[in-house]
Amino acid sequence: MNIAIVGAGLAGRIVALNLLRTNQDITITFFDKGSKEGVGAAGFTAAGMLAPYAELETAESVIFDLGHRSIELWPDLLKEIGLFDGYQQKGTIITAHSQDMGELEHFIGILQRKVETAEKIKILDSIQIKDMEPDLYIHQKGFYIPDEGLIDAQRFIAFSVNYFNRYENIYFREYTPVKKIETGKVYTKEGVEVFDWVFDTRGLGAKEYFHDLRGVRGEVMWVEANDINISRPTRLMHPRYKIYIVPRGNGCEGIDLEYCSDCKLSQTIGYKRYIIGATEIESEDMSPISVRSSMELLSALYTVHPNFGEARVVHSETNCRPAFKDNLPRVENEKGLTRINGLYRHGYLLAPAIVEKALEEGFFK
Ligand SMILES: Cc1cc2nc3c(=O)[nH]c(=O)nc-3n(C[C@H](O)[C@H](O)[C@H](O)COP(=O)(O)OP(=O)(O)OC[C@H]3O[C@@H](n4cnc5c(N)ncnc54)[C@H](O)[C@@H]3O)c2cc1C
């Protein structure tokens, strides 16, 4: 069977991993407007948090249910591509400064009203916070969400390329923007190509078909610090900005791609990397991070631990999350064509479960 996957970002890669498992006699051709290294995909910018509870503040409970299913599916997907240390499920800590504690309690109240299992969220006093994360000692109170996880997003993208490269029946058509997709047909500037089944996973690039798709700008900063050790994703509630700090260890191990030569991340042992994010701005502007966003992210970071003042800013990145008006994912299936889109700010949280559902209702039916 001859299959095209248009968009080699997060969803497209997970579609391919699922199809390869079926042991069917298939050939997969990826089309992407960028390189197979995935650097332009939102999936490459993402922090990779799997935070079904935290998403509940603004999301529907369907996101929560799909998120839990994805959390079950991720470990096997990562093992398959050889990324054995790309997943952690140590839970999330949410904290706030004392003047903003009301905001945090309100947030937790919303979660507890939405799902019963939110009872598992624990209040932490300063001693319990210090026991779990000694470097968060300045915080008097916080909450711990036990089930939440974290994917090493950039290494997932890199390792999946290495994995696909091992298959003779997988082809990458890099730098090949697709103009239009129809049932079994892919249109590029060279003309039309015919396939048995086409998957449209172009994210924001599918606007020619989904007219109600929009981009939501997100900016992240990467910092390196040699004297702060935070092991879990940590959120800081604040009336103006809600930031997260996502630990990345010194984790570029195994990534050896073209973009690595420009990378300013130090390989010095003892330095820890953190992703600080993410802004959420109703705009499709992909230009570099603004001064305002940098100041807000970094000042919030500095208040989490004063030693972050001496951390080095090594990288920043902007991308847009593909979203529909209701911020819910959308799957369209017909014989010969599946479209998956609208993963918004929870692509890592949703993609394995949404792809599983899309394949069951379409390709495998
Ligand atoms: C700053 C930021 C932080 C995030 N953090 C998280 C997080 O912590 N947890 C979480 O769950 N989610 C997070 N996300 C969301 C997640 O990244 C997205 O939901 C997810 O990447 C969307 O997946 P996708 O495959 O639909 O799109 P993408 O990953 O963007 O992939 C789309 C692919 O299609 C290609 N393409 C586009 N148009 C065309 C065309 N015409 N022809 C050929 N190829 C094309 C692109 O080059 C790209 O490779 C974050 C997003 C951002 C921006």
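Residues numbered from 1 in each chain as written. Predicted model: local features only at pLDDT ≥ 70, side-chain atom pairs only at ≥ 80, totals over all residues. Heavy atoms only, no water.

Undergrad: So what's going on with the environment of Met 49? Which residues, and what values?
TA: Looking at the element boundaries, Met 49 is found in strand β3 (residues 49–50). For Met 49 and Gln 89, which are 40 residues apart along the polypeptide, the C-alpha to C-alpha distance reads 9.9 Å. Residue contacts for Met 49: discarding those within four places in its chain leaves Gly 149, Leu 150, Pro 233, Arg 235, Tyr 244, Val 246 and Tyr 348. (Helix = DSSP H or I, 4+ residues; strand = E, 2+ residues; numbered from the N terminus. Contact = heavy atoms within 4.5 Å.)

Undergrad: Residues and numbers for the pairing of strand β12 (residues 191–194), please.
TA: Bridging between strand β11 (residues 185–188) and β12 involves 4 bridges; their strand directions are antiparallel. In the strand pairing of β12, Lys 185 is matched with Val 194. What sits between the antiparallel neighbours β11 and β12 is a turn of 2 residues. (Pairing = 2+ DSSP bridges.)

Undergrad: Lay out the packing of aromatic side chains with the relevant residues and their values.
TA: Enumeration over the complete set of coordinates arrives at 16 aromatic pairs. Taken together, a centroid distance of 5.3 Å and an interplanar angle of 50° make the contact between Phe 30 and Phe 164 tilted. Of the two residues, Phe 30 sits in strand β2 (residues 27–31) while Phe 164 sits in helix α7 (residues 153–165), which places them 134 residues apart along the sequence. Grouping residues by exposure puts Phe 30 and Phe 164 together as buried. A ring pair is formed by Tyr 53 and Phe 64, whose centres lie 5.0 Å apart and whose planes are at 75°; its orientation type is edge-to-face. Here Tyr 53, found in helix α3 (residues 52–55), pairs with Phe 64, found in helix α4 (residues 61–80); they are 11 residues apart in sequence, far enough to count as distant. For Phe 64, a relative accessible area of 6% translates into the label buried. Between the NZ or CZ atom of Lys 180 and the centre of the ring of Tyr 187, over which it lies, the distance is 4.6 Å. (Phe/Tyr/Trp six-rings, centres within 6.5 Å; stacked < 30°, edge-to-face > 60°. Buried < 20%, exposed > 50% of the residue type's maximum accessible area, 1.4 Å probe, protein only. Lys NZ or Arg CZ within 6 Å of the ring centre and 35° of its normal.)

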